[in-house]
Amino acid sequence: MPIRKGWNDTSAIAISFFCFLFLAAVPAMRAQNAPVYVVDPSWPKPLPNHWLMQGVPVMVTDKDDHIWVYNRPRDINPDETGAATTPPRTDCCVAAPAVLEFDTLGNLIKGWGGPGYVPGWPAEGIERPGAGAEHAILVDREGNVWLGGSARGDSIQKFTGDGKLLWDFGHRGPRTPPGQQAQPLKQNNQNTDTFPGGIFFFDLDEDAKELYIVDQKRVLVYDMNSGEFKRGWGGHGIPLTEIDNDPTPPYDWKSGPPPDQKQFAPALHCVHIANDGLVYICERGDDRVQVFTKEGKFVTSFFVHPSTPARGPECGGPGSTTFGMCGTIYNLTFSHDPHQKYVLIADGTNDKIWIQDRKDGTLAGSIGDNGRMAGQFHWIDAIAMDSKGNIYTGEVDTGKRAQKFILKNGDGKARFHPHE
């Protein structure tokens, strides 16, 4: 009996101690789990004034947890814009302003901007620019809105939150004269004075007062106040002088993933800075993410669904009836946990959000699929995150919408994600 009693007491203590350790470890274990999301079909709420949202290439959240959607008004088609004729041909609709500011409940706070809004607005004078139009938006700590365009002669412009023009980055290349056919651009990855093809994507490092731009086969850094060039690098951290100016050759995607080449493979489709200061580049032309220090030292890279064709002759654009899109990395954001363990990657070719480990690229899950229902995507291009870890997405081509996905297994703490 004494022996049995002693064994029971010891076992009880051991079991209690084990339970204590398990319960203590639960938060840490939960923090390591991949994020789980569910779509909110009520976001956003209907727009006023018969406004209709168009293609959304990018969106961003700000310090007030407002979601800024940058859409392309000139994407609107005749069967969508009957209310804009004189007299109105139909009851609805008209193209919404290019810049739309929402709260997390989906209420529209304000909208402004569009073709002709100020001199130098993206794709100036082009009636149907398609993807070569409004293309990038950031909101800084002071609430200023930075907009970029991807047509010939476009640059970056800085506005107040109410839409007053404050500053133009300049560095513009020439616009194509009206009525003339645009000639193919020749790469010049050593030129840091102008951006002949416009500026597709950029990011801000506000502590360092620096502006990061991805263009052609390089990353360029400028002073965010003066526009003065500071430094730059190419794929795997090579200096600007070693970047070639030749078109990236195609590859046989049916035989395997893209070759692990040293040079960047355009199109470079995002630049974002993580909490630990590492710089993440979306290399859509290689189905790959490359990671650097802020000084351009190569850290690592990983592929994103590399069985998907990344470039070559079998790549279609918006409205193509022959081929689908190419490349898997349209944009990304970082997970909500304090260490940003994962990257959430918007893949407009597979119409998914891939959840991958930020350090080694290990696949941890995915969100969505191709389709038109809530929670599905058609050509997802934009992704952003609010302070509670909820994500917001935007679609181009004929998707033309924004969606919200609620984080179900977060810790409830507020962590702001500016510039994403």
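Residues numbered from 1 in each chain as written. Predicted model: local features only at pLDDT ≥ 70, side-chain atom pairs only at ≥ 80, totals over all residues. Heavy atoms only, no water.

### Some details on the nonpolar core
Counting 31 residues, the largest nonpolar core has Ile137, Leu147, Phe202, Leu211 and Ile213 as its most contacted members. Taken together, the elements giving at least two residues each to this core come down to strand S3 (55–61), strand S4 (67–72), strand S8 (134–139), strand S9 (145–149), strand S10 (156–159), strand S12 (201–205), strand S13 (210–215) and strand S14 (218–223). Residue contacts for leucine 211: discarding those within four places in its chain leaves Ile156, Phe169, Phe202, Asp203, Leu204, Leu220, Val221, Tyr222 and Met224. (Core = buried A, V, L, I, M, F, W, Y, C linked by side-chain atoms within 4.5 Å. Buried < 20%, exposed > 50% of the residue type's maximum accessible area, 1.4 Å probe, protein only. Helix = DSSP H or I, 4+ residues; strand = E, 2+ residues; numbered from the N terminus. Contact = heavy atoms within 4.5 Å.)

### Things to note about the sheet that holds strand S24 (residues 380–385)
Strand order in the open sheet formed by four strands is S1-S26-S25-S24, with antiparallel pairing between adjacent strands. Two strands bound the open sheet, and with one partner strand each, they are strand S1 (37–40) and S24. Across the sheet, the axes of successive neighbouring strands diverge by a mean angle of 30°, strand direction being ignored. Two elements, strand S25 (residues 391–395) and strand S26 (residues 401–407), share five bridges in a ladder whose sense is antiparallel. Looking at S26, one finds that glycine 394 is bridged to alanine 402. (Pairing = 2+ DSSP bridges. Axes fitted to C-alpha atoms, helices over the stretch in contact; angles between N-to-C directions.)

### Notes on the packing of aromatic side chains
This model, assessed by the stated rule, comprises 18 aromatic pairs. Summarising the aromatic geometry, the rings of phenylalanine 264 and phenylalanine 292 are spaced 6.0 Å apart at their centres and angled 65° between planes, so their arrangement reads as edge-to-face. Separated by 28 residues along the polypeptide, phenylalanine 264 in the loop between strand S15 (229–234) and strand S16 (268–273) and phenylalanine 292 in strand S18 (residues 288–292) bring together distant segments of the chain. With a relative accessible area of 0%, phenylalanine 264 lands in the buried category. You can call phenylalanine 292 buried: its relative accessible area is 0%. An angle of 40° between the planes, with centres 5.6 Å apart, marks the rings of phenylalanine 377 and phenylalanine 405 as tilted. (Phe/Tyr/Trp six-rings, centres within 6.5 Å; stacked < 30°, edge-to-face > 60°.)

### What to know about the confidence of the model for the protein chain
Put simply, the protein chain has an average pLDDT of 92, and 92% of its residues get 70 or more. Long-range and interchain partners of residues 1–31, a stretch whose pLDDT sits below 50, account for one contact in this model, where long-range means more than four residues apart. (pLDDT = per-residue confidence, 0-100.)

### Points about the state of the cysteines
Counting across every chain of the model gives three disulfides. Each sulfur in the disulfide pair cysteine 92 and cysteine 93 lies 1.6 Å from the other. Between cysteine 92 and cysteine 93 the disulfide shows an S-S torsion of about 85°. By sign, it is right-handed. Take cysteine 92: its relative accessible area is 29%, and that puts it in the partly exposed class. Disulfide pairing is shown between cysteine 270 and cysteine 282; the S-S distance is 2.0 Å. (Disulfide = S-S within 2.5 Å.)

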